[in-house]
Amino acid sequence: MSLRNLQTAFMSSLFTRDDSVIAASLESATMPGSSRMAIYRNNVYAALTTALEAIYPVILRLVGDEFFKFAARRSIDGHP
């Protein structure tokens, strides 16, 4: 797989949660590719959620942490 195709598959997998194409490329002796992708995905979503919290602090206070994180995840899923 070329670097360009690998990067495209990685980005697609990140937001669609379909690791079937990328998982084999991420395999290691200690961890399956799908687990490695899940760690990266979690970090990306956490960073994007933190950015939204910084941009919309009033909304965060109005709706609360739990709902804000839910809404942020839906927003990130809908507009990667």
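A quick note: this is a predicted structure, and the numbers were derived from the prediction, not measured. (Residues numbered from 1 in each chain as written. Predicted model: local features only at pLDDT ≥ 70, side-chain atom pairs only at ≥ 80, totals over all residues. Heavy atoms only, no water.)

Q: How should I be thinking about the environment of alanine 72 in this particular structure?
A: When you line up the elements, alanine 72 lands in helix 4 (residues 65-78). Exposure remark for alanine 72: the relative accessible area of 3% places this residue in the buried category. Sequence separation between alanine 72 and threonine 50 is 22 residues, and the spatial gap between their C-alpha atoms is 9.3 Å. Aside from chain neighbours lying at most four places away, what touches alanine 72 is Thr49 and Leu52. (Helix = DSSP H or I, 4+ residues; strand = E, 2+ residues; numbered from the N terminus. Buried < 20%, exposed > 50% of the residue type's maximum accessible area, 1.4 Å probe, protein only. Contact = heavy atoms within 4.5 Å.)

Q: I'm lost on helix 2 (residues 33-55) in this one. Help?
A: Residues lying three or four places apart along an α-helix face the same way, a consequence of the helix completing one turn every 3.6 residues. With 23 residues, helix 2 should cover 33 Å at 1.5 Å per step; its first-to-last C-alpha distance of 33 Å lies within 8% of that length. Every buried residue of helix 2 is accounted for by Gly33, Met37, Arg41, Val44, Tyr45 and Thr49. Those residues of helix 2 that are buried lie in contact with helix 1 (3-16) and helix 4. (Expected span 1.5 Å × (residues − 1).)

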